[in-house]
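Understanding the architecture of this molecule
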Amino acid sequence: MRNLLIFITKYNAFFLFIIFEISSLIIYIKYNAFQKASFINSTNVVTGNLNEQFTGLKSYLSLKDANDSLARENAKLRNQLKSSFYIDTLAKRKVDDTVFKVKYEYITAKVINNSTNHSYNYLTIDRGSKDGITVGMGVICSAGIVGKVVNVTPHMANVQSMLNKNSRFSVMLANNKEIGSIQWGDDLDPHKGMLFDVGTNAQPKLGEAVLTSGYSLFPEGIMVGKVSNLHPKGGGISLNMEVNFAVDFSKLEYVNVVDYKFAQEQAGLEAQQKKDD
């Protein structure tokens with residue numbers, strides 16, 4: 001307290017100047033209409049700018065919650081798509097009641113690690129076996145297919161990206177449903193892949209959409225990309241063509257893991273067939 005009194009006594013002239021200055025400004029503004037209006041307008045502008053900055057900061061800080069909410073809503077909507085169900089009934093003379101059962105379910109996950117500049121790229125997501133994730137599940141995002149799950153722990157999973165030389169999925173051309181296989185290109189361009197083994201009668205068009213065929217881990221009709229080069233890369237009875245990927249793998253934030261309910265049953269049946277052959 002003593003030091004404070006000494007400080008005030010030492011700089012009393014300065015403090016008196018500040019007090020008189022503020023008092024003069026108050027009197028000047030209060031009893032002059034023009035200056036009063038100008039001061040109020042200036043104050044409103046400053047306050048408005050501060051409020052705008054604060055609102056922007058608040059919105060930025062809430063982006064994570066907004067993204068989480070949108071991702072959950074996206075998965076919920078996918079779960080309600082017609083392609084996520086199958087009809088559990090046989091068509092006889094008359095179908096009195098059609099019972100729809102779930103064929104695909106979608107589990108929302110956040111990407112917590114990702115690579116795009118290697119020959120074998122992977123993602124890590126924040127969902128694992130405790131969330132229902134198992135090895136072999138397909139992974140998509142709002143733009144298209146991403147890859148498949150290859151390793152799982154209780155709380156996380158490792159996804160083999162489409163940008164991986166070992167990734168290969170069954171796809172089809174949108175216009176005539178000709179089936180082929182999509183794989184990452186040999187030039188390792190993160191935006192392009194190669195569509196192999198399409199029948200020569202396909203007659204693909206530049207810009208034609210390439211979709212999932214429904215023969216692999218994904219429901220039919222999920223976007224993969226668009227045909228970007230119609231020049232055949234090989235001869236024989238099939239066509240090869242370049243495809244621009246629909247997904248920008250460098251910007252992945254949220255994905256949906258596809259839970260195909262008949263995956264194990266189908267895999268077991270096909271394995272038995274191979275054994276019999």
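Residues numbered from 1 in each chain as written. Predicted model: local features only at pLDDT ≥ 70, side-chain atom pairs only at ≥ 80, totals over all residues. Heavy atoms only, no water.

Attention now goes to the nonpolar core. I182 and L195 are the most contacted members of the largest nonpolar core, which totals 43 residues. Looking at this core, the element that brings in the most residues is strand β3 (residues 104-114), giving five residues. (Core = buried A, V, L, I, M, F, W, Y, C linked by side-chain atoms within 4.5 Å. Buried < 20%, exposed > 50% of the residue type's maximum accessible area, 1.4 Å probe, protein only. Helix = DSSP H or I, 4+ residues; strand = E, 2+ residues; numbered from the N terminus.)

The next point concerns unusual backbone geometry. Leaving glycine aside, a negative phi is the common case for residues, and trans is the common case for peptide bonds. With a phi angle near 60 degrees, D197 is a residue other than glycine that sits in the positive phi range. Mapped onto the fold, D197 is located in strand β10 (residues 192-199). For D197, a relative accessible area of 45% corresponds to the partly exposed category. Positive phi, close to 50 degrees, is recorded for Q203, a residue that is not glycine. In this fold, Q203 is placed in the loop between β10 and β11 (209-212).

Below, the discussion takes up a nonpolar patch on the surface. Judged by side-chain polarity, F14, I18, I22 and I26 come together as a nonpolar surface patch covering roughly 370 Å² of accessible area. In this fold, I26 is placed in helix α2 (residues 12-30). (Patch = residues over 30% accessible without salt bridge, like charges linked within 9 Å, V, L, I, M, F, W, Y side chains within 5 Å. Areas by Shrake-Rupley, 256 points an atom, 1.4 Å probe, with all protein chains shown as cover. Salt bridge = Lys/Arg side-chain N within 4 Å of Asp/Glu carboxyl O.)

With that out of the way, let us pick up the side chain of S167. In this structure, S167 sits in the loop between β7 (157-164) and β8 (168-173). Judged by its relative accessible area of 1%, S167 is buried. Side-chain polar atoms of S167 contact the side chain of Q160, separated by 3.0 Å. Among the polar contacts listed, one links the side chain of S167 to the backbone oxygen of S161, at a separation of 2.6 Å. Not counting chain neighbours up to four residues away, the residues in contact with S167 comprise Q160, S161, M162, I182, Q183 and W184. (Polar contact = N/O pair within 3.5 Å; in protein donor to acceptor, adjacent residues only side chain to side chain. Contact = heavy atoms within 4.5 Å.)

It is worth stressing that arrangement in space is one thing and function is another; only the former is reported here.
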